[in-house]
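These are the residues of each chain, in order.
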Amino acid sequence: MLDKTEELRDRVEARKHELLAKYNELKADSRREAAEARTHLKARIDELEAHLKLGWAKVNDEVRTKLNRWLEREDE
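Residues numbered from 1 in each chain as written. Predicted model: local features only at pLDDT ≥ 70, side-chain atom pairs only at ≥ 80, totals over all residues. Heavy atoms only, no water.

A word on the overall build of the protein. Broken down by element type, the protein carries 3 helices and 0 strands. What you see in the protein, going N to C, is helices and strands ordered as α-α-α. In terms of its C-alpha atoms, the protein occupies a principal-axis envelope of roughly 45 × 20 × 20 Å. Considering only contacts in the protein between residues 6 or more positions apart, those separated by 24 or more positions represent 62%. Here the protein has roughly 5,700 Å² of accessible surface; of this, 49% comes from carbon and sulfur atoms. On the protein, the mean spot of the 18 positive side-chain charges and the mean spot of the 19 negative ones are 4 Å from each other. (Helix = DSSP H or I, 4+ residues; strand = E, 2+ residues; numbered from the N terminus. Contact = heavy atoms within 4.5 Å. Areas by Shrake-Rupley, 256 points an atom, 1.4 Å probe, with all protein chains shown as cover. Lys, Arg positive; Asp, Glu negative; His and termini not counted. Charge placed at Lys NZ, Arg CZ, Asp CG, Glu CD.)

Set out below in structure tokens:
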């Protein structure tokens, strides 16, 4: 059975993969709206990386809370 951190890691990695796929798809689009969407997605990915800067081994309750909030937010 997965513990809470492993389950969170799986959810975060799946969401990150979705965002990266969407980001890469938008790279081919030269419209202004696509550029704005890329900027937004890049900021979301950077935010995730900042939360995980010490790696999964150092994830504590505070970081878990931040990651859960990150997952709950909708992407436009």
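The discussion continues.
Let us look at the nonpolar core. Core analysis: the biggest nonpolar cluster contains 16 residues, and Leu8, Val12, Leu48, Leu52, Trp56, Leu67 and Trp70 have the highest contact counts within it. Contributions of two or more residues to this core are made by helix H1 (4-27), helix H2 (32-51) and helix H3 (61-72). The biggest single contributor to this core is H1, with 5 residues. For Trp56, the residues in contact, after removing those within four places along its chain, are Thr5, Leu8, Arg9, Val12, Glu13 and Leu67. (Core = buried A, V, L, I, M, F, W, Y, C linked by side-chain atoms within 4.5 Å. Buried < 20%, exposed > 50% of the residue type's maximum accessible area, 1.4 Å probe, protein only.)

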